[in-house]
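Now for the letters of each chain:
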Amino acid sequence: MAYSEKVIDHYTNPRNIGTLDKASAQVGTGLVGAPECGDVMRLQIQVGENGIIEEAKFKTFGCGSAIASSSLATEWLKGKTIDQALEIDNMEIVEELALPPVKIHCSVLAEDAIKAAINDYRVKNGLEPLELEKSHH
Amino acid sequence: MIKLPIYLDNNSTTKCDPRVFAEMTPFFLEDFGNAASKSHAFGWKAEEAVDYAREQIAKIIGANSKEIIITSGATESNNLALKGVFEMYAAKGNHFITVSTEHKAILDACKHLEKLGAEVTYLPVGEDGMIQVSQIKEAIKPNTVLVSVMYANNELGVIQPVREIGALCKEHGVLFHTDATQAVGKIPVDVLADHIDLLSFTAHKMYGPKGVGALYVRRKNPRVKVTAQMDGGGHERGMRSGTLNVTGIVGFGKACEIAMQEMEAEGARLRILRDKLENALLQMEEAYLNGHKEHRLPHTTNISFKYVEGEGLMMGIKDVAVSSGSACTSASLEPSYVLKNLGLDDELAHSSIRFGLSRFTTEEEIDFTIKCVTDAVNKLREMSPLWEMFKEGIDLKSIEWSEH
């Protein structure tokens, strides 16, 4: 199947690849997926004192759509508050990247990664983890 | 200047050789007759061409032309062999023996027959993709009618001990079928020396056209028959009805003739190129060869690049057309069943790429591919969380992965 231009762009020039200090209280890390399923995403956010996500990084093992979905997610996360970040819906990723139906699970995984990172941050800072919807795959 | 993209997916299909194409062209426009028309010159000419091609096709496997049943391709040949034997030999028994790494055309035909009352034994292979003759020996029972083992595997290129299996089957009075789709035209195949009773092969894997293949059905010692799976005009000795695909058959014949003449030199040349590619790629850290290193087709290699996902890798080497054992779609998150049957971890199966060289592959293309794949693997590993964990010495098996 042919990839959309945006997927190719994110795959070729991924934004925000990297690693943040996962021990830091400011950093939330989400690791989702599984090697045997063929995709693993690690998404990290660094939250400033003002509650705004000032840095987001990712590393992904997966197909082009999985890489593009996580790259796009990091772009969208920067500058958002945690509450705003929680509103990111996988279907927005699908639309932005023009993902075909067989690749929707890549966007779901990205949404899961965002939520997992936020929960990690919340727990580190003495907050209750949010109840997450069971992902639809 | 190298022409991109480079085609290295020759186990899927091959480019038609221009010499084959040239041989076929008159049969589209001028000599378009039906080979079954006995009353005029158009028919005679077509029949003559088919007879000649059938000789060429038979020769490449050491058969007699009367033993060649023309089909639409190897899938049909495999179906005809299995289902045709099941029906024809129902009185003798209902037990079939095959191997877990066979092509779907064999496995799914077996599943179909199981619904009709067949008993099928699916033998596992070793880590190297090889089946042991002793496994087959132990599986043969009084009601066994057929053993079906592929000559060479489509994903790995691994060559099975066909001659020994054939001898064993002969000794036990069991029919032996082999799906030789990947082998014919690439390595010497001889139905007599290999004791083969039924053999499937196809034109488009050996620089011929798509849509034409054959089933060899032995006529002597023993005389083998299969029940037709398609009713009609009784073509092909009553085993496969349907107007003959004259152009395709002519092309298939020419492809066989060329392959017979060039196989030896071509195999030697491709082995050198394949080894160059393979050795260079295996230089990389955590790159593994899948399948037996020696018992292998000369033009195929299958390599896993650990911590990099195959489909993602293929996107990174878009100038090189290859195929991966990874299927990352919501319909199928399962990696290749062939690789899983070798006992490979799913993650390694997801990381595999199959390279298939051809008569048209050049050394420049191989050099380009080596660089292209190496760069892409390195780039993707830099963005792989699994690679980072591996580098930090974290055992991936110790991590509780989220359900997916």
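Above this text sits the structure in question.
Attention in this report is confined to the structure presented alongside it. Each chain has its residues counted from 1, running along the sequence as written. For naming, the first written chain is A and the first written ligand is 1, with later ones following in the order written. Reporting of local features is limited, given that this is a predicted model, to residues whose pLDDT is at least 70; pairs of side-chain atoms are given and counted only at 80 or more, and all residues count toward the totals for whole chains, interfaces and linings. Only hydrogens and water are set aside when side-chain values are computed; all heavy atoms of the structure are taken into account.

**Side note on the pattern of salt bridges**
All names here are of chain B.
So, step 1. Salt-bridge detection follows one rule: a side-chain nitrogen of Lys or Arg within 4 Å of a carboxyl oxygen of Asp or Glu. Within the structure shown, the criterion is met by 34 salt bridges over all chains.
So, step 2. Where R359 meets D17, a salt bridge forms, and the shortest distance between an N and an O atom there is 2.8 Å. Highlighted residues: R359 in the loop between β13 (352–356) and α12 (363–382) and D17 in the loop between β1 (6–7) and α1 (18–24), separated in sequence by 342 residues.
So, step 3. Take R359: its relative accessible area is 12%, and that puts it in the buried class. Numbering goes from the N terminus for both helices and strands, where a helix is a DSSP run of H or I of at least four residues and a strand is a run of E of at least two. We call a residue buried when its accessible area falls under 20% of the maximum for its residue type, exposed when it is over 50%, and partly exposed in between, using a 1.4 Å probe and counting protein chains only.

**Considering the sheet that holds strand β8 (residues 213–217) of chain B**
All names here are of chain B.
So, step 1. On the basis of which strands lie adjacent, the open sheet formed by seven strands has the order β2-β8-β7-β6-β5-β3-β4 and mixed pairing. Strands with a single pairing partner mark the edges of an open sheet, and in this sheet they are β2 (68–71) and β4 (119–123). With direction set aside, neighbouring strand axes in the sheet form an average angle of 20°.
So, step 2. At least two DSSP bridges between two strands are needed for those strands to be called paired. One ladder, built from four bridges, connects β2 with β8; its direction is antiparallel. Across the sheet, the residue bridging to I70 is A214, located in β8.
So, step 3. Relative to the sheet, helix α3 (residues 41–59) contacts β2, β7 (198–202) and β8, its axis offset from that of β2 by approximately 110°. For helices, the fitted axis covers only the stretch in contact; all axes are lines through C-alpha atoms, and the angles between them, taken along N-to-C directions, range from 0 to 180 degrees. The criterion used for residue contact is that any of the two residues' heavy atoms lie within 4.5 Å.

**Topic: the environment of B:T71**
All names here are of chain B.
So, step 1. With respect to the helices and strands, T71 occurs in strand β2.
So, step 2. Distance from T71 to D197, taken between C-alpha atoms, is 17 Å for residues 126 residues apart in sequence.
So, step 3. What T71 contacts, discounting residues up to four positions off in sequence, is E76, S77, L80, G211, V212, G213, A214, L215 and R240.

**Here's the deal with the packing of aromatic side chains**
All names here are of chain B.
So, step 1. Centres within 6.5 Å are what make two rings of Phe, Tyr or Trp a pair, Trp counting through its six-membered ring; a difference in plane orientation under 30 degrees is then read as stacked, over 60 as edge-to-face, and the rest as tilted. Following the criterion strictly, the structure yields seven aromatic pairs over all chains and no others.
So, step 2. With 5.3 Å between their ring centres and 35° between their planes, F32 and F42 make a pair best called tilted. With F32 in the loop between α2 (26–29) and α3 and F42 in helix α3, this pair connects stretches of sequence that are 10 residues apart.
So, step 3. Ring centres of Y307 and F390 lie 4.9 Å apart, and the angle between their planes is 25°; on these two criteria the pair is classed as stacked. Placement of the pair is Y307 in the loop between β10 (300–305) and α9 (310–316) and F390 in helix α13 (residues 385–391), with a sequence separation of 83 residues.
So, step 4. Judged by relative accessible area, Y307 falls into the buried class, the value being 6%.
So, step 5. For a ring to carry a charge above it, either NZ of a lysine or CZ of an arginine must fall within 6 Å of the ring centroid while also lying within 35 degrees of the normal to the ring plane. One Lys or Arg, K15, reaches over the ring of F360 and ends 4.6 Å from the middle of that ring.

**Description of the nonpolar core**
So, step 1. As used in this record, nonpolar core signifies buried Ala, Val, Leu, Ile, Met, Phe, Trp, Tyr and Cys residues forming a set joined through side-chain atoms within 4.5 Å. Ranked by size, the top nonpolar core spans 64 residues in total, and within it B:I61, B:L199 and B:F201 carry the most contacts.
So, step 2. The residue makeup of this core includes at least three contributed by each of domain 1 (6–10 + 263–398) and domain 2 (18–259) of chain B.
So, step 3. Filtering out sequence-adjacent residues up to four positions away, B:L199 remains in contact with B:I61, B:H177, B:T178, B:A180, B:V184, B:V189, B:V191, B:A214, B:L215 and B:Y216.
So, step 4. Within the second largest apolar cluster, 59 residues are counted, among which are A:C63, A:A66, A:I67 and B:A287. How far each domain reaches was decided by an automatic or database domain assignment.

**Things to note about the interface of chain B and chain A**
So, step 1. The partner chain A presents 33 residues to the 31 residues of chain B that form the contact.
So, step 2. Where chain B touches chain A, the interface holds three salt bridges.
So, step 3. Within 3.5 Å is the distance limit for a polar contact, defined as a pair of N or O atoms, with the added protein rule that one can donate a hydrogen and the other accept it, and that residues adjacent in sequence qualify only through two side-chain atoms. Our count for the contact surface shared by chain B and chain A stands at 14 residue pairs in polar contact (both at pLDDT 80 or more).
So, step 4. Breaking the side of chain B that touches chain A down by element, the ones donating at least two residues are α9, α11 (346–350), α12 and α13 of chain B.
So, step 5. Considering every element that reaches the side of chain B that touches chain A, the biggest residue donor is α9(B), with five residues.
So, step 6. Lys, Arg, Asp and Glu make up the charged group, whereas Ala, Val, Leu, Ile, Met, Phe, Trp, Tyr, Cys and Pro make up the nonpolar group; the residues left over, Gly among them, are polar. Residues belonging to the side of chain B that touches chain A are distributed by class as follows: 14 nonpolar, nine polar and eight charged.

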